[in-house]
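Given next are the chains, with one letter for each unit.
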Amino acid sequence: MTDHFDLLISNGTCMTPAGRQETDIGILDGKFAAFGDLTGAEADEIIDAKGLHVLPGVIDSQVHFRDPGFPEKEDLESGTRAAIAGGVTAIFEMPNTDPATTNETEFQAKMTRAAGRAWCDYAFFIGATLANVDHLAGYERAPGCTGVKIFMGSSTGGLLVADDATLTAVLAAGRRRCAVHAEDELRLRQRKKIADEAGSAHGHPEWRDVETALSATRRLLSIAHSTGREVHVLHVTTQEEMELLARHRHLATVEVTPQHLTLVAPDCYDKLGARAQMNPPIRDARHRDALWRAVDQGLVDVVGSDHAPHTLAEKTASYPNTPSGMPGVQTLVPVMLTHVAAGKLTLERFVDLTATGPARIYGVAGKGRLSLGYDADLTIVDLKAERTITDDRMHSKCGWTPFDGMAVTGWPMATVIRGIPVMRDDEILGEAQGKTVRFQDTLRGEIDFEL
Ligand code: DOR
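Residues numbered from 1 in each chain as written. Predicted model: local features only at pLDDT ≥ 70, side-chain atom pairs only at ≥ 80, totals over all residues. Heavy atoms only, no water.

**Here we look at the overall build of the protein**
Link 1 in the chain: Counting its regular elements, the protein contains 15 helices and 19 strands.
Link 2 in the chain: Rg of the C-alpha trace for the protein: 21 Å, near the compact-globule value of 22 Å for 451 residues, within the 12% margin.
Link 3 in the chain: Each principal axis of the C-alpha atoms in the protein carries an extent, and together these give about 70 × 45 × 40 Å.
Link 4 in the chain: In the protein, which comprises 451 residues, the share counted as buried stands at 60%.
Link 5 in the chain: Within the protein, contacts between residues separated by at least 24 positions form 73% of all contacts whose residues are at least 6 apart in sequence.
Link 6 in the chain: Here the protein displays about 16,800 Å² of accessible surface, and carbon together with sulfur accounts for 49% of that area.
Link 7 in the chain: Charged side chains of the protein number 46 positive and 63 negative; the gap between the two group centres comes to 5 Å. (Helix = DSSP H or I, 4+ residues; strand = E, 2+ residues; numbered from the N terminus. Rg over C-alpha atoms; globule rule 2.2 N^0.38 Å. Buried < 20%, exposed > 50% of the residue type's maximum accessible area, 1.4 Å probe, protein only. Contact = heavy atoms within 4.5 Å. Areas by Shrake-Rupley, 256 points an atom, 1.4 Å probe, with all protein chains shown as cover. Lys, Arg positive; Asp, Glu negative; His and termini not counted. Charge placed at Lys NZ, Arg CZ, Asp CG, Glu CD.)

Shown next as structure tokens:
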């Protein structure tokens, strides 16, 4: 065994597949090369993680940047910088940019924009439309593609697969697990008057009500069953959907967001107005409690931030002319660690939801666990650190967070990507060196091989 490493993480408490272990970690050529007592080993660089917990790098599997389209709100540079500042080592970005990522040209353009500008590793979703359905099976296998994203209800941007016939065609094309925004477009249109007459964002969960989400998830599961396609239901918000999803786990995996676990109606709308407006909406305590039960019972596979930056100017228009979505890639880790500190979930469960889970459901190659030969991606956290989340700490170009003023316990102290420390003590280090995330079913031709 070598006793010279590029990077040595010493004295930390590491969240390994075998549980919490006091172990050093030796990193060579961007991979985990040794675990154990590495006293006496040499390294180009050492991070003393005494008193800290060393987690597999957090993968935020749902972010929306605005590049191309509105780079002044968020571009791939600022969005990924916010990610590493918040302890996130890889992001999967959604296709509702402008133009939307729905064909090879736009997909490759996004890959080009990311090269040399992304601070963390990345992959991009391709958006499903009626027009591209015949090409999706090919598109989803492109290097750097996470898979297909379906919007069953309109949200930011124009992507939409509203009817069952198109949804069936999309789910019948390709193999990867499809990521789905499940809100029923027809019902949204029928009920739009509720939003128009609401006068404030308090009306948002009334317009986009429980049935709007539930009926879409019901239709989705039925078509997933008939086509035999696995689906990932993004940002689940209702007790009723959780009860339904629990009966169809062979078909569906489940995401919740930190904001749906943390904010609650009507308080969030009293306090934040349209800044708390997102799709699907933040709901009342009955639903928030059900989401926590689903986390507890293993029903939730993934926590993703649904980072969706809009400017404060846009958010101060009058509802419903205000856009939906809130930033979150930088606050996912401290907000969820604060729930760990409060005993709402264990650190093991946090790792499952933010690293193992995203890697498992999308078939990520070589990421998501502290394991020999895996990419050396680390989120190093201080579980006891007390900080206050504030707008001015945010790297996102939108410059605000719904958690402004929140006292948190637990903070990312360092972010390491493929053995390269890219953030320490809130400072961004070096240059943007993000690479594409690779997927197990499309590795052929993508890797160097040497026995
Ligand atoms: O609230 C949301 N905002 N939900 C989405 O599905 C899209 C997102 C955005 O891109 O703004």
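**Quick look at the sheet that holds strand 3 (residues 19-22)**
Link 1 in the chain: The strand order 3-2-7-16-17-18-19 describes an open sheet built from 7 strands, whose pairing is mixed. Because the sheet does not close on itself, it has two edges, and the strands there are strand 3 and strand 19 (427-428).
Link 2 in the chain: Direction of pairing for strand 2 (residues 13-16) relative to strand 7 (residues 53-56): parallel, over a ladder of 2 bridges. Within strand 7, the residue paired with C14 across the bridge is V54.
Link 3 in the chain: Strand contacts of helix 15 (residues 347-362): strand 2, strand 3, strand 7 and strand 16 (378-388), with the helix running at about 30 degrees to strand 7, the strand carrying the most contacts. (Pairing = 2+ DSSP bridges. Axes fitted to C-alpha atoms, helices over the stretch in contact; angles between N-to-C directions.)

**Let's talk about empty space enclosed by the protein**
Link 1 in the chain: In this structure the tally under the stated criterion is 5 cavities of 30 Å³ or more.
Link 2 in the chain: Put simply, the largest cavity is a space of about 100 Å³.
Link 3 in the chain: Taken together, 16 residues form the lining of the largest cavity, with H64, S155, N279, D306 and A308 sitting closest to its centre.
Link 4 in the chain: Split by residue class, the lining of the largest cavity holds 3 nonpolar, 10 polar and 3 charged. (1 Å grid on protein atoms, 1.4 Å probe; cavity = no way out; pocket = protein on both sides within 12 Å on 5 of 7 lines; lining within 4 Å. Points joined across faces, edges and corners; volume = space filled by probe spheres on them. Nonpolar A, V, L, I, M, F, W, Y, C, P; charged D, E, K, R; others polar.)

**Things to note about the sheet that holds strand 12 (residues 178-181)**
Link 1 in the chain: Pairing in this open sheet of 8 strands is parallel, and the strands run 8-9-10-11-12-13-14-15 from one edge to the other. The outermost strands of the open sheet, each flanked by one partner alone, are strand 8 (58-63) and strand 15 (302-303).
Link 2 in the chain: As paired elements, strand 12 and strand 13 (residues 231-233) share 3 bridges and run parallel to each other. Directly across from A179, in strand 13, lies its bridge partner H232.
Link 3 in the chain: Together, strand 9 (88-93), strand 10 (121-127) and strand 11 (145-151) form the strand contacts of helix 2 (residues 104-114), whose direction differs from that of strand 10 by roughly 160 degrees.
Link 4 in the chain: Lying over the sheet, helix 15 contacts strand 8, strand 9, strand 10, strand 11, strand 12, strand 13, strand 14 (252-256) and strand 15, oriented at roughly 65 degrees with respect to strand 8.

**Notes on the site of the ligand**
Link 1 in the chain: Lining the immediate surroundings of the ligand are 13 residues, of which R66, N96, T156, N279 and S324 lie closest.
Link 2 in the chain: Backbone polar atom of S324 to a nitrogen atom of the ligand: 2.9 Å apart, as the coordinates give it.
Link 3 in the chain: One of the backbone N or O atoms of G325 is found 3.3 Å from an oxygen atom in the ligand.
Link 4 in the chain: For the ligand, whose unbound accessible area comes to 290 Å², protein coverage reaches 100%. (Near = heavy atom within 4 Å. Polar contact = N/O pair within 3.5 Å; in protein donor to acceptor, adjacent residues only side chain to side chain.)

**Considering the environment of M336**
Link 1 in the chain: Locating M336 in the fold gives a position in helix 14 (residues 332-341).
Link 2 in the chain: By relative accessible area, which is 1% here, M336 ends up buried.
Link 3 in the chain: C-alpha of M336 to C-alpha of F350: the two residues are 14 residues apart in sequence and 7.5 Å apart in space.
Link 4 in the chain: Once you skip the residues sitting within four places of it in the chain, M336 turns out to touch P258, L261, W292, V303, L345 and F350.

**Quick look at the layout of surface pockets**
Link 1 in the chain: Volume-wise, the second largest pocket comes out at about 250 Å³.
Link 2 in the chain: Forming the walls of the second largest pocket are 17 residues, and the residues nearest its centre are S154, K192, W207, R208 and N279.
Link 3 in the chain: Counting residues per element, the ones that place at least two in the lining of the second largest pocket are helix 5 (185-190) and helix 7 (204-207).
Link 4 in the chain: Looking at which element gives the most residues to the lining of the second largest pocket, the answer is helix 5, with 3 residues.
Link 5 in the chain: Within the lining of the second largest pocket, the residues separate by chemical class into 5 nonpolar, 8 polar and 4 charged.

**A few points about unusual backbone geometry**
Link 1 in the chain: Cis geometry is found at the peptide bond from D67 to P68, where omega equals 15 degrees.
Link 2 in the chain: Considering the arrangement of structural elements, one finds P68 in the loop between strand 8 and helix 1 (76-85).
Link 3 in the chain: The residue after A265, namely P266, is reached through a cis peptide bond having omega 5 degrees.
Link 4 in the chain: Mapped onto the elements, P266 comes out in the loop between helix 10 (258-262) and helix 11 (267-272).
Link 5 in the chain: Even without a glycine there, the phi angle at D425 is positive, about 50 degrees.

**As for the nonpolar core**
Link 1 in the chain: The biggest cluster of nonpolar side chains holds 74 residues, and the ones touching the most others in it are I91, I150, L171, M242 and F350.
Link 2 in the chain: For this core, the element with the highest residue contribution is helix 8 (residues 210-227), accounting for 6 residues.
Link 3 in the chain: Sequence-distant contacts of I150, that is, excluding residues within four places in its chain, are made with A128, V161, L167, V170, L171, C178, A179, V180 and H181.
Link 4 in the chain: Membership of the second largest hydrophobic core comes to 42 residues, among which are A49, A265, A276 and C398. (Core = buried A, V, L, I, M, F, W, Y, C linked by side-chain atoms within 4.5 Å.)

**Focus: the side chain of D209**
Link 1 in the chain: Of note, D209 is situated in the loop between helix 7 and helix 8.
Link 2 in the chain: Sequence-distant contacts of D209, that is, excluding residues within four places in its chain, are made with R187, R191 and R283.

**Here we look at the environment of L263**
Link 1 in the chain: Relative to the elements of secondary structure, L263 occurs in the loop between helix 10 and helix 11.
Link 2 in the chain: The class of L263 is buried, set by a relative accessible area of 11%.
Link 3 in the chain: As for L263 and R66, which are separated by 197 residues in sequence, their C-alpha atoms are 25 Å apart.
Link 4 in the chain: In this structure L263 touches C268, L272, I282, R288, M326, P402 and F403, once residues within four positions along its chain are discounted.

The values reported here are purely geometric and, on their own, carry no functional implication.
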